[in-house]
Each structure stands twice: as structure tokens, then as C-alpha cells.
Amino acid sequence: MDIVVVQFLTGLASASSLFLVASGLSIIFGVSRIVNFAHGSFYMLGAYLAWTLVERLPYGPLGFWGGIVGAAAIVALLGLVMEFVLLRRIYRAPELFQLLATFGVVLIVQDATLWLWGPQDLLGPRAPGLRGAVTILGQRFPQYDLLLIFIGPVVLALLWLLFTRTRWGTLVRAATQDREMVGALGVDQKLLFTTVFMLGSFLAGLGGALQLPRESVNLQMDLTIITDAFVVVVVGGMGSLGGAFLAALLIGVLHAFGIVVFPKITLVLIFLVMAVVLVLRPYGLMGRKPGPVAATVGLVTPLIGPTPRALVWLGLVAGALLVLAPLFVGDYTLTILSEMAILALFAASLHFMMGPGGMASFGHAAYFGLGAYAAALLMRQLGLGMPLGLIAAPLAGAAFGLLFGWFCVRLSGVYLAMLTLAFAQICWSVAFQWVELTGGDNGLLNILPSGWAQTRQGFYWLALVLSIAGILLLRWLIRTPFGHALRAARDNPLRAEAVGMAVGRLQWAGFAVAASFAGFAGGLYAYFKGSVFPTFISIPRSVDALLMVLLGGVDTLAGPIVGAVVYTGLHEQLMSLTDYWRAILGLIIVVLVVAFPQGLAGQARDWWLARNGGRA
Amino acid sequence: MLTVQGLDAHYGLAHILAGIELTVQRGEVVVLLGRNGAGKSTTLKSIIGLVRPSAGQITFEGQGIAGRSPSTIARLGLGYVPEERRIFTELTVRENLEVGRQKPRQGVPHWTPEKLYALFPNLAEMKDRPGGRMSGGEQQMLTIARTLMGNPRLILLDEPSEGLSPLIVEQMADAIAALKRDGMTVLLSEQSLHFAARVADRAYIIEKGRIRHEAGMTALLADADVRQRYLAV
């Protein structure tokens, strides 16, 4: 009983930081409609900056709290810079491009933090005056945690006053509903956006800084917290501060108990709770059905009809060259080509979901990784080889696609995408934490393909043939009545319902199809690498897939293939050139989005239309 | 006060407005009459900057405003009341008015919530009610009151009588007439000749994105031929 109370209190203490971060994310999204992936980076920077400030300032209450608030203020200024330099240029870009740009910032901040503070975990000092513990029911409980428990509600109350009692708050609430109308009433939106972004960033920075006395400061903080923040926002209901607070309490307490009860699979518990909440209240505890503004992820240019003859010939020639490639090129190139082929299939599966399906996924790597683990576990646990592994991989993808998809298709737009990310992160944490089964961070090794495919040429041909077959199958599916119905449901769900289509079930099926092809690609990848690691499921891999699809262009099937080839090549080059390849890649992403806010394919289409006298 | 010359606008590939020409003098109430889809709303949206004109000039108080942002245009003293009302449903009546508030402007009446509650007595009874829990007529009053909070020199009213009960339509006409008496300049769009006749001095008839006819309201009412050609359903 005593331990229950103490764990409960610990959960409440963790909930405060989580609430600060999630409320910032929610406020920024409300006004700007941008899902700011870099919000987690601001949290991390808040912690690192607080560490530095507190170390430098003289130890004492003034130095400590000055350092905490100072760190949050610096993060707010960084938010200002990001809004001013980057976001202001891309407010009119499609949502997913905005998201990519903020992910570019995540990569840049990761490397900048590594460069400035080094790879080792940092430990901050305890808070002066709050170093001790109090005794609650015979259990010792840190005084600092007691303070944190109060900070959450205090911030909630302050935010509530700010939003209901000031003109600025009224304008923010109005802009959250209809920012265009607010502009037409003469309100300077730029100023509003900038200040909102600063407030949101301040909250993230403060959330990070407040963790300093509780846990070590490390480079994984950004993606860990952003996942939790997404879960909180989805569970609490987007745009509702009260909902974010409740959800943060719920998640915080669950974390605290999960660590005691199921140390290995804490996140599974959270998954179960999230599932229950979303079944009962699809828009979160205190959320409402989002308006049409939030529901469109943009990027719905219709898929074009028959493939132009020239492209067919080009494809055939390229295919023939690829089949003959082992005769001309060396082992290294063959390895790269194999990887490109597998990732093209992975990207094509995401494209199927995003293009014809109209559902953006931030967590597509989940199915890729599940496929890989399915193949690897069959070999390690049951001694079954590649043929069965390659059958199990798409089945595993499909099974989890059906499970997760059932929840996801109840939402739409960015809400759906956030949920996909949360599911992917849960899979990642299981792969990472369940060491007995998955080997944890050490992965599963010696996943060998069948004997005939163990040569580089042999495996290359296998990967090439299966990937091309998979992509052609997806292409065929898009043109079946199922594919047409899926596109109808995407373009106008209400009308599709009205003519008798079961939109939810169609999307569910589409989700599962995409997941099963991703699983298949993952299975191939396991044999290709000869090993499987939790990184196969990580957020960066999901973003890789998004990048491939968006770089190539979501409105053509060639897009993901071109995207996969270009991106894999670029990635490989950068990694061989510098240790700070993440920052460079992030910078390239940011520059591309700013220069071509409609995407490369969209830009090409506009040029083509302009040259041919059409109107863009 | 407001001059529109050669205004063109497109939605994607669709050509919506083709060479719109119109002027509004200070103190005038001018109506744009036309059927559904004639381009009335798009004309008003182009003036306030919600639709970016593809060609043409718009001059307000001697300043070119075509292509500027809606907030810049609004702060020059142009008020816009959208057809869909676009009330902030989560905000109370009082808060909706607050969003519209701008600094007092020289040479025009300075509106306060109290003066607006006097003009629209219904609103006075529901100051703390969320916009989403009001009737259509009440929302229509609120959307006009909200725009007046910006102390505009000219207001653009998009189909103020649409979808309202006859009683509310009468109240709306009275309110516009009261504004006119105070010297407000108004450019409104309408499908209802009856409503236009109640409030307007002058009319432009718009069809398929072009101005087809211009006349004083009295002359238009006497001209059965024009009415038949452009306005009969």
C-alpha cells in the first residue's frame, strides 16, 4: 500500500514536465497547424542549458532557479529564431513538408548538442533547499518531487488565466479556430504566431530544465519526450489544456507503476490505456471532433491514369540494366543497389497508404521492423529459414497493421499520424526492453539467407526481383476497384459513405496492406543485413520513409522509387564524409522545404505547367 | 473612397472574376446584385485580400491595396463581414467583439461593446454565451458587431440576409439603415432585390464574373427588363 502511494506521487511529479511539454506542443499546433517535431529538441536543450547555467552560476537558490528559468528563456529565444528563420517561410506549405522541416531541425539540434556537450550523460545538482526527502507512510519521497507535483497545476492555472483573461489569449483562442478570419479582422498574425511559438518553446524548455535534478541529461531525451507528448495530446484531446493535464497525469502515473509492475514493457501498459481511451473517446478525453481544417493533410493531387509509354520503356530499360548489373559493378555497389531496392519497396508501401490511402504515417517503420523481427525470431527460436521467414514477415506486418490500424483509422490527418508514431514507438520500446526475446540493443545476429542467396549477386537478384514484384503488386492494387474506392474515400469521405462505401473498413484494409508490404520489405532487410536491431523501428527510420515519399512526390508511383534511390545514395555519401551527417542531412531537408515548399515533384509539375502555358 | 479597376481572380484553373469595375463614394450604400455563383463573394474577398487578385487595381482611400494581406487591409479601415459568419464558436459574445477591436480611428465613430449592444439589443442579453450556442440571426448580428469593433471607414457585407427569418431580415435592414444614417459607407452583396431596395442607394449587377449593369436603386426598380434579364430565377 505504501509503495503504491509513493509510486503514485512519483507519477504525479513526472506528469508536471510532461504536461508543460504537451501543452506547448498543443498551443503551437492550435494556432500554426504545425506539428513541431523539434519541440522535443527544445525540451532536451532546456535540460542541457539548465545543466550548464546551474554549473556556472554560484550554487544557491538564486543560481539554481535562475539557471532553470534562464534555460527556458534561452529556449524561448531559440523558438523565436526558428519561427522567424524557418517556419514563417513555410506556413503555406503542405503540413507534411512542415513536419519534415521541423524534423530537419531535430537532426541539426541533435548534432549541435553532441558537438557542444559531448556524448556522455550529464548529471545535474540537486535543488538547493530541496535536497532531502520527506517521509510519507514510512516511505522516503524526494522534496523536489513534491514541489514538481505543485508546479503542474500552477502552470495550468497560469495558462488558463492567460488564455481567458488577456486580449492576447483571446486572440490565440480565436486564431486556433479560424486564423484567416482573425487576420481579416485586422490582427497581425505574424506577431501572434511568433509569440505563441515563443511561449510553447518556453514551456518545452522549462519542462526539460525542471528534470535536471531528477534524471541524467542525455541525447535521447528529444525523441523520448516527443513520443510521450504525442500520446498525451492524442489521449487528452488536441487543443485542450485541461485534457493535456489529465492525460499527462494518467501517463505519468502509468509510467511510475509500469516501472514497478512490468519493468520490461512499460509502454505496453500505456498502449493499453491509450487504446481504451480512444475506443471510448476517439478525439481524446476532452477533445472534440476536429474541424475540416485539421482533417486535411494536403497532398491530395489525384493519381494519374495510365503510365506514359516513354516511362514504361524507361522502366523496362532500367529493369534490364539492373538485372544485368552484377556483370558490370563491384560488391560495394551491389550492396547499395540491394538496399535501394528493398527501401524502394518500403517507401512504396508508405506511398500506398499516403497517396491512394490518404493516411500519413509517422511510424511506418513499425511494420518494417516487425517484419524483420518476425523473420529473425523464426530463425533464432525455431530454426526456420528464409522461405518461411519471407512469408512470416508480411503476415506479421499485416497482423499488427490490422491491430494498430483499427485505432488509427478512427482518426484522420495529423491525429492519425501522431497515433501511428506512438504505436511505432511502443514497438520500438518492446524490441529495446524485452532483452530475453529480442536481444535488446544487441539485436539478433546471424540471420542468414538461404545458401544460394548468400553471395552478393544471389541476394541482389533476390532483393531486386521481390522488390519489383512487390511494387508492381502495389501498382496493380491501386488500379483495382479496391484502390479506386480507397481514393474515393480519401477525396471525399462523406460522399463515399453516402454512396454506400464503408470508409472506415476500406481505410483499415488499406492500412493493413501497406503494413504487410512494409513487413515484407523489413523481412528482406533482415536477411540483407544479417541482423536485426531496434533501430529498424526507430523514429528516424520512419522519417526516412516519409522523406523518400515526399522528396520523390506523393502523386506518382515513381516518386517513392526515385526518392528511395536518391535518399539512400545521399545518406551513404554523407555518412562516409562526416560524423556530423545528421546535421548536414537536417540542413538539406530544411533548405529543400524552404526552397521548394510544394515538394520537388510539385515544383517540377508547376514548371512543366508554366512551360506548357497552363496555369499552376 | 473605394475603386476597383479591371479585377481578375481565379480559383485554380477556374476564372471567377473578369475585369470587375466599381466605385463606392463616402456615405453610400452600394449593392452587388447577382445570382448564386455570379462572383459576388469573390469580389468582396478580393477586396479584403482573402483571395489574391490575379490582375487589376483596388484603391481604398487613395492607397493601392491589391495583393496586400487581409490584416493590413483591415487595419486601413476596411471591415469585412463574411457570408458564412465565421463566428468564433468557442468564444463568448464579449470575446468575439474583443477579437474585432482596433484602435479608435480619426473621423469615424468609435464603437464600444455598449454602443453595439444598443444597436443589436439581442446581443446585450447574451454577453457571456459562446458563439456556438446562438441562433443564425444572432450570429449574423454578432459578426457585424465584431467587424464594427474595428471602427471601419467602410464595411463589406457579404449576403447579410441569407438564411435568416423574415423578422430578422427586417432587423438587419434597420441596422444597416441606422449605420447609413451615422454616415457609414457600405458595399454589400445580395441576391434579394427586396432587401437591396430597403437599404441601397445604388446597385451593380454582376453575372459570370462581370459587371453587366449599373443603376441607381430607384431606376433599377423601375426597369423591369433588366430585372428580368439578370435577376429572375
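Residues numbered from 1 in each chain as written. Chains lettered and ligands numbered in written order. Predicted model: local features only at pLDDT ≥ 70, side-chain atom pairs only at ≥ 80, totals over all residues. Heavy atoms only, no water.

### Digging into the confidence of the model for chain A
Phase 1: Looking at chain A, the pLDDT average stands at 88 and 94% of residues meet or exceed 70.
Phase 2: Between residues 292-300 of chain A, whose pLDDT stays under 50, and residues either more than four places distant or in other chains, the model counts 21 contacts. (pLDDT = per-residue confidence, 0-100. Contact = heavy atoms within 4.5 Å.)

### Quick word on the side chain of Ser 429 of chain A
Residue and element names in this part refer to chain A.
Phase 1: Along the polypeptide, Ser 429 turns up in helix α16 (residues 413-433).
Phase 2: With relative accessibility at 4%, the residue Ser 429 sits in the buried group.
Phase 3: Only 3.0 Å separates the side chain of Ser 429 from the backbone oxygen of Ile 426, close enough to count as a polar contact.
Phase 4: Setting aside residues no more than four positions away along its own chain, Ser 429 makes contact with Leu 267 and Trp 434. (Helix = DSSP H or I, 4+ residues; strand = E, 2+ residues; numbered from the N terminus. Buried < 20%, exposed > 50% of the residue type's maximum accessible area, 1.4 Å probe, protein only. Polar contact = N/O pair within 3.5 Å; in protein donor to acceptor, adjacent residues only side chain to side chain.)

### Section: the pairing of strand β2 (residues 14-24) of chain B
Residue and element names in this part refer to chain B.
Phase 1: For strand β1 (residues 2-11) and β2, the ladder comprises seven bridges, and the chain directions are antiparallel. Bridge assignment links Leu 7 to a residue of β2, and that residue is Ile 20.
Phase 2: A loop of two residues connects β1 with β2, the two strands running antiparallel in sequence, and Gly 12 in this loop sits at a positive phi of about 60°. (Pairing = 2+ DSSP bridges.)

### As for the sheet that holds β1 of chain B
All names here are of chain B.
Phase 1: Across the sheet, which stays open at both edges, the four strands sit in the order β2-β1-β4-β5 with antiparallel pairing between neighbours. Taken across any chain shown, the strands that pair with only one partner, and hence form the sheet edges, are β2 and β5 (63-64).
Phase 2: Alignment of strand β4 (residues 55-60) against β5, held across two bridges, turns out to be antiparallel. What sits directly across from Thr 59, in β5, is Gly 64.

### Concerning the nonpolar core
Phase 1: Membership of the largest hydrophobic core comes to 237 residues, with the highest contact counts inside it found for Phe 37 and Phe 362 of chain A.
Phase 2: If you count residues domain by domain, this core takes at least three from each of domain 1 (13-219) and domain 2 (332-545) of chain A.
Phase 3: Counting 45 residues, the second largest nonpolar core, distinct from the first, contains Tyr 117, Met 134, Ile 144 and Ile 176 of chain B. (Core = buried A, V, L, I, M, F, W, Y, C linked by side-chain atoms within 4.5 Å. Domains from an automatic or database assignment.)

### What to know about the interface of chain B and chain A
Phase 1: Counting residues at the interface gives 25 residues for chain B and 19 residues for chain A.
Phase 2: Between chain B and chain A the total buried area reaches about 2,000 Å² when both faces are included, carbon and sulfur atoms providing 54% of it.
Phase 3: Considering only the side of chain B, the residues that lose the most area to chain A are Arg 86, Phe 88 and Val 99 of chain B, jointly responsible for 27% of the buried surface there.
Phase 4: Elements supplying a minimum of two residues to the side of chain B that touches chain A: α2 (70-75), α3 (93-100) and α6 (136-148) of chain B.
Phase 5: Here the side of chain B that touches chain A is built from residues that sort into 11 nonpolar, seven polar and seven charged. (Buried area = accessible area lost by both parts, 1.4 Å probe. Nonpolar A, V, L, I, M, F, W, Y, C, P; charged D, E, K, R; others polar.)

### Things to note about the environment of Lys 45 of chain B
Residues and elements named next belong to chain B.
Phase 1: In this structure, Lys 45 sits in helix α1 (residues 40-48).
Phase 2: Accessibility expressed as a relative area gives 18% for Lys 45, which makes it buried.
Phase 3: Linking Lys 45 and Leu 156, residues 111 residues apart in sequence, is a C-alpha distance of 9.0 Å.
Phase 4: Among all residues touching Lys 45, those that are not within four sequence positions of it are Tyr 11, Leu 50, Val 51, Tyr 80 and Glu 84.

### Regarding the sheet that holds strand β3 (residues 29-33) of chain B
Residue and element names in this part refer to chain B.
Phase 1: Ordered in space as β6-β7-β8-β3-β9-β10, the six strands form an open sheet in which the pairing is mixed. Two strands bound the open sheet, and with one partner strand each, they are β6 (78-81) and β10 (210-216). Going from strand to strand, the sheet's axes swing by 15° on average, the running direction of each strand aside.
Phase 2: Two strands pair when backbone bridges link them, and β6 and strand β7 (residues 154-158) are joined in this way by four bridges, in the parallel orientation. Across the sheet, Val 81 pairs through a bridge with Leu 157, a residue of β7. (Axes fitted to C-alpha atoms, helices over the stretch in contact; angles between N-to-C directions.)

### Description of α3 of chain B
Phase 1: Of all eight residues that make up α3 of chain B, six are buried, and the element is covered over most of its length.
Phase 2: When we look at burial in α3 of chain B, the residues that qualify are Val 93, Glu 95, Asn 96, Leu 97, Val 99 and Gly 100 of chain B.
Phase 3: On its buried side, α3 of chain B packs onto α5 (143-165) and α6 (167-184) of chain A together with α4 (113-119), α5 (121-124) and α6 of chain B.

### Thoughts on the side chain of Arg 105 of chain B
Residue and element names in this part refer to chain B.
Phase 1: Within the secondary structure layout, Arg 105 lies in the loop between α3 and α4.
Phase 2: Nearest to the buried, unbridged Arg 105 among oppositely charged side chains is Glu 61, at 8.1 Å.
Phase 3: Setting aside residues up to four positions removed in sequence, Arg 105 forms contacts with Ala 74, Arg 75, Leu 76, Gly 77, Gly 150, Asn 151, Pro 152 and Arg 153. (Lys, Arg positive; Asp, Glu negative; His and termini not counted. Salt bridge = Lys/Arg side-chain N within 4 Å of Asp/Glu carboxyl O.)

### Regarding the environment of Gly 79 of chain B
All names here are of chain B.
Phase 1: For Gly 79, the location among the structural elements is in strand β6.
Phase 2: Between the C-alpha atoms of Gly 79 and Ala 178, which are 99 residues apart in sequence, the distance is 17 Å.
Phase 3: Residues contacting Gly 79, with those up to four places away along its chain left out, are Thr 147, Pro 152, Leu 154, Ile 155 and Leu 156.

### Section: the packing of helix α13 (residues 331-354) of chain A against helix α23 (residues 558-577) of chain A
Residues and elements named next belong to chain A.
Phase 1: Relative to each other, α13 and α23 sit at 135°, their axes nearing to 8 Å. Taken as axis vectors, α13 and α23 run oblique relative to one another. Between α13 and α23 the crossing geometry is right-handed. Of the residues in α23, those in contact with Tyr 332, Ile 336, Glu 339, Met 340, Leu 343, Ala 344, Ala 347, Ala 348 and His 351 of α13 are Pro 560, Ile 561, Ala 564, Val 565, Thr 568, Gly 569 and Glu 572.
Phase 2: Here the contact of α13 with α23 is built from residues that sort into 11 nonpolar, three polar and two charged. (Parallel < 35°, antiparallel > 145°, perpendicular 65-115°, else oblique. Left-handed = near helix turned anticlockwise from the far one by under 90°.)

### Concerning the domain arrangement of chain A
A common way to express how large an interface is: the accessible area buried when the components associate.
All names here are of chain A.
Phase 1: Split into domains, chain A comes out as domain 1 (13-219) and domain 2 (332-545).
Phase 2: Just the C-alpha atoms count here: the centres of domain 1 and domain 2 sit 34 Å apart.
Phase 3: On the side of domain 2, 10 residues touch domain 1, which itself brings eight residues to the contact.
Phase 4: With both chains or domains summed, domain 1 and domain 2 bury close to 750 Å², and 93% of this area falls on carbon and sulfur atoms.
Phase 5: Among the residues of domain 1 in contact with domain 2, Phe 37, Leu 96 and Phe 103 are the three that bury the most area, contributing 50% of the side total.

### Observations regarding the pattern of salt bridges
Phase 1: Under the defined criterion, the tally for this structure stands at 23 salt bridges over all chains.
Phase 2: Note that Asp 331 of chain A and Arg 456 of chain A form a salt bridge whose closest N and O atoms lie 3.6 Å from each other. Of the two residues, Asp 331 of chain A is situated in helix α13 and Arg 456 of chain A in helix α18 (residues 456-478); the sequence distance between them amounts to 125 residues.
Phase 3: On the accessibility criterion, Asp 331 of chain A (44% relative accessible area) is partly exposed.
Phase 4: Note that Arg 202 of chain B and Glu 214 of chain B form a salt bridge whose closest N and O atoms lie 2.7 Å from each other. Here Glu 214 of chain B lies in strand β10 and Arg 202 of chain B lies in strand β9 (residues 202-207), a separation of 12 residues in the sequence.

### Side note on a nonpolar patch on the surface
Residue and element names in this part refer to chain A.
Phase 1: On the surface, Val 317, Leu 321, Val 323, Leu 324, Leu 327, Phe 328 and Trp 461 cluster together to form a nonpolar patch covering roughly 700 Å² of accessible area.
Phase 2: The element contributing the most residues to the nonpolar patch is helix α12 (residues 309-324), with four residues.
Phase 3: Tracing the sequence through the fold places Phe 328 in the loop between α12 and α13. (Patch = residues over 30% accessible without salt bridge, like charges linked within 9 Å, V, L, I, M, F, W, Y side chains within 5 Å. Areas by Shrake-Rupley, 256 points an atom, 1.4 Å probe, with all protein chains shown as cover.)

### So, α6 of chain A
All names here are of chain A.
Phase 1: Between its first and last C-alpha, α6 extends only 17 Å over 18 residues, short of the 26 Å set by a 1.5 Å rise per residue.
Phase 2: In the structure, α6 departs most strongly from a straight axis at Asp 178, where the bend amounts to approximately 125°.
Phase 3: Three or more residues of α6 are buried, namely Gly 169, Thr 170, Leu 171, Val 172, Ala 174, Ala 175, Asp 178, Met 181, Val 182, Gly 183 and Ala 184. (Expected span 1.5 Å × (residues − 1). Bend = angle between axes of the 7 residues up to and from the residue.)

### Digging into the packing of helix α10 (residues 266-280) of chain A against helix α15 (residues 386-408) of chain A
Residue and element names in this part refer to chain A.
Phase 1: Interhelical geometry of α10 versus α15 gives an angle of 45° and a closest axis separation of 10 Å. Comparing the axis directions of α10 and α15 gives the class oblique. In this structure, α10 contributes Phe 271, Ala 275 and Val 279 to the contact, and α15 contributes Leu 403, Phe 404, Trp 406 and Phe 407.
Phase 2: Along the lines of polarity and charge, the residues of the contact of α10 with α15 split into seven nonpolar, no polar and no charged.

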